[in-house]
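If you want the building blocks of each chain, they are given just below.
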2 protein chains.
Amino acid sequence: MAKRIDYAIGIDIGGTNTKFGIVDHRGDILYRGVIATNKNDTIEPYLDELQQALDPAIQEVGGIKMIRGIGIGAPNGNFYTGTIEYAPNLPWKGIIPLAKMVQEKFGVPAALTNDANAAAVGEMMYGSAKGMKDFIMITLGTGVGSGIVANGQLILGHDGFAGELGHTIIVPGGRLHWSTGHKGSLEAYASATGVVMTAIEFIEQRKEESLLRAYAKDEIDSRIVFDCAMKGDAIAKDVYSFTGKVLGEALANFVMFSSPEAIILFGGLIKAGDLIMKPTREHMEKNLLPIFQNKVKLIFSELREADAAILGASALVWEMKG
Amino acid sequence: MAKRIDYAIGIDIGGTNTKFGIVDHRGDILYRGVIATNKNDTIEPYLDELQQALDPAIQEVGGIKMIRGIGIGAPNGNFYTGTIEYAPNLPWKGIIPLAKMVQEKFGVPAALTNDANAAAVGEMMYGSAKGMKDFIMITLGTGVGSGIVANGQLILGHDGFAGELGHTIIVPGGRLHWSTGHKGSLEAYASATGVVMTAIEFIEQRKEESLLRAYAKDEIDSRIVFDCAMKGDAIAKDVYSFTGKVLGEALANFVMFSSPEAIILFGGLIKAGDLIMKPTREHMEKNLLPIFQNKVKLIFSELREADAAILGASALVWEMKG
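Bear in mind the structure is a predicted one, so any value in this text is a computation, not a measurement.

K.L.:
Kindly report on the packing of helix H1 (residues 43-60) of chain A against helix H2 (residues 98-106) of chain A, identifying the contributing residues and their values.
P.N.:
All names here are of chain A. Direction vectors running N to C along H1 and H2 enclose 50 degrees, while the axes themselves pass 11 Å from each other. In terms of orientation, H1 lies oblique with respect to H2. For the element pair H1 and H2, the recorded crossing hand is right-handed. Contacts from Ile43, Glu44, Leu47, Asp48, Leu50, Gln51, Leu54 and Ile58 in H1 reach Leu98, Met101, Val102, Lys105 and Phe106 in H2. Split into classes, the residues belonging to the contact of H1 with H2 amount to nine nonpolar, one polar and three charged.

See below:
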């Protein structure tokens, strides 16, 4: 019998959008698509939409019989149980048995992991972390996710929930998180949402002129902050300096935990380039013990946005038994 | 040829004292001893003293020919290089090639690792962490050390320096560390030194009566703070509440990193029992995401003080090649 040519579906569920791809054995993404994650408060209509969106691509590769399985990365996704549990940035509350639901919906095996863990695996197999045994992947998107690799293995933790670095407290008593109720977590600052909150705080607290003042407060998004910063706006640039300071302080703590070869940054915020990278590196180095200074590579992901997570999620499929 | 009966020497170098033991294959410590670590500013007289102190015990087991090797745990000890590099709490500055020096001094193979990593290995082999694959060991002594085990392996990091959790910043802008120059690190609060500093701050800031006021400030040590707390002194008890708060906040961050089954506390400070444990647990739980709450075992080491590190260090010997 000839070697069977089949495909994996990789799905990356983010707070705003869900991206998916049909992936071959070489890690090439043949078809890509996206649907909104947060349009429905319940999971069933979301799964209907996902199936409708995936169906044409599945037909293109020869139908569902050509799909070996579906791998999913999602916030608070648990590899051991296949469930999403109490994800603060997703519309579905409580415990969602997503792997089982997807498996029943599509009729092929499904596996689930944390979205940032998926991205870390994608980065290790196809991206900037190729050949590395110790690195941390941080996604700076709607929220802040993380995947930690040590001794060449993902750190999943005792229960599969390791790597929630976005929820570590970096500014004790600081900004209230919109969903967890904790104060001063990394995610409340170093996410797209956090950047917008910082921008609004700055224009409220400061008197000087700013391009940001041309917008209503509820109109400002991270794109607008970025555009204003690129036009040289002082307040918008300070938003990135401040965000980078908090992120750098957080990264220093992470380095003293697992002493990685590299920290790979990923997600919407890295579009700001040096605006965010410079203060991040400065404050990371400043807070490290000398033995850690000027050693850790701080780099941006080389993979197209979402590709790391899609590829990492699809890798779950190739590792499935049977 | 009959099975050779030989022994390992395990050495635990702390900021104040160096403890050692001669250990058999079953993990029984046959002879124990201790010398001061901080009596000499240079390493050579320290090694002379160590040899003099060890020599009688070595003779008892049949001479140096019966010693397979020497395993050492030391702050900033690096397993990969065998060196102690810039240890803030040790009297010897710069890079000390300790494994090589000990090997030459005693004429048997020597290996070095971080003191807290050694304790974690000892705890995994003979103590509270037996059978665990994911746990964090925190030593609360003169300083704060840590050893992290994930997927059943020590996390050493890219360069061998992983697990410096005592130097993570928990109170940004907080208390100046006496040696690193950083502000607000865990060690500046949750160590014997930190407890004394907190006690002095409290009696300076507050007006009420306290048993602590019977002592000159430079006379107060962690033993006195403990004794006063046990006598019901309000300020002394508050010192532990405050220390536990900072420690609990730190532990919450660590849990969200590696999601351990247990955190094992070890070292002088744990003698305070519930005085430190209760606030630590309370503030740890308070700062965790719901998915992590009421899951992590927070326990004291079951091993005699220093035994974990001596046993863990001796385990390096059994793993030596050849």
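From this point, the narrative continues.
K.L.:
Run through the relation of the copies chain B and chain A, naming residues and quoting values.
P.N.:
Mapping chain B onto chain A is achieved by rotating through 180 degrees and translating by 0.0 Å along the same axis, at an RMSD of 0.0 Å. The transformation just described matches what one would write down for a two-fold rotation axis.

K.L.:
A description of the interface of chain B and chain A should follow, citing residues and the corresponding values.
P.N.:
Between chain B and chain A, the residue contacts involve 42 residues of the former and 42 residues of the latter. Overall, the association of chain B and chain A removes approximately 3,600 Å² of surface from exposure, summing both partners, and the carbon and sulfur fraction of that is 62%. Together, His158(B), Phe257(B) and Ile291(B) form the three largest contributors to the area buried by chain B at its contact with chain A, with a combined 20%. Viewed at the interface, chain A and chain B are joined by two salt bridges. Of the charged contacts, one joins Lys295(A) and Asp159(B) as a salt bridge, the two residues approaching to 2.7 Å between their closest N and O atoms. Taken together, the connections running from chain B to chain A amount to 22 residue pairs in polar contact (both at pLDDT 80 or more). Those elements that provide at least two residues to the side of chain B that touches chain A are strand S9 (144-150), strand S10 (153-154) and helix H6 (234-258) of chain B. With five residues, the single largest contributor to the side of chain B that touches chain A is H6(B). Residues that form the side of chain B that touches chain A fall into these classes: 21 nonpolar, 14 polar and seven charged.

K.L.:
Talk me through unusual backbone geometry; I want residue IDs and the actual numbers.
P.N.:
Phi is positive for Ser259(A), which is not a glycine, with a value near 40 degrees. The residue Ser259(A) is located in the loop between helix H6 (234-258) and strand S11 (262-266) in this model.

K.L.:
Would you mind going over the pattern of salt bridges in detail, with residue names and values included?
P.N.:
Side chains that differ in charge, positive against negative, can pair when their charged atoms come close. Considering all chains together, one arrives at 30 salt bridges over all chains under this definition. A salt bridge links Arg223(A) to Asp227(A); the shortest N-O distance between them is 3.6 Å. Separated by four residues within a single helix, Arg223(A) and Asp227(A) lie in helix H5 (residues 222-230), roughly one turn from each other. The partner of Arg206(B) in a salt bridge is Asp238(B), and the shortest N-O contact between them spans 2.9 Å. Here Arg206(B) is found in the loop between helix H4 (192-205) and helix H5 (222-230), whereas its partner Asp238(B) is found in helix H6, with 32 residues between them in sequence. A single salt-bridge network, built from bridges that share partners, covers Arg206(A), Glu208(A) and Asp238(A).

What counts and how
- Residues numbered from 1 in each chain as written.
- Chains lettered and ligands numbered in written order.
- Predicted model: local features only at pLDDT ≥ 70, side-chain atom pairs only at ≥ 80, totals over all residues.
- Heavy atoms only, no water.
- Axes fitted to C-alpha atoms, helices over the stretch in contact; angles between N-to-C directions.
- Helix = DSSP H or I, 4+ residues; strand = E, 2+ residues; numbered from the N terminus.
- Parallel < 35°, antiparallel > 145°, perpendicular 65-115°, else oblique.
- Left-handed = near helix turned anticlockwise from the far one by under 90°.
- Contact = heavy atoms within 4.5 Å.
- Nonpolar A, V, L, I, M, F, W, Y, C, P; charged D, E, K, R; others polar.
- Least-squares fit on C-alpha atoms with pLDDT ≥ 70 in both.
- Buried area = accessible area lost by both parts, 1.4 Å probe.
- Salt bridge = Lys/Arg side-chain N within 4 Å of Asp/Glu carboxyl O.
- Polar contact = N/O pair within 3.5 Å; in protein donor to acceptor, adjacent residues only side chain to side chain.

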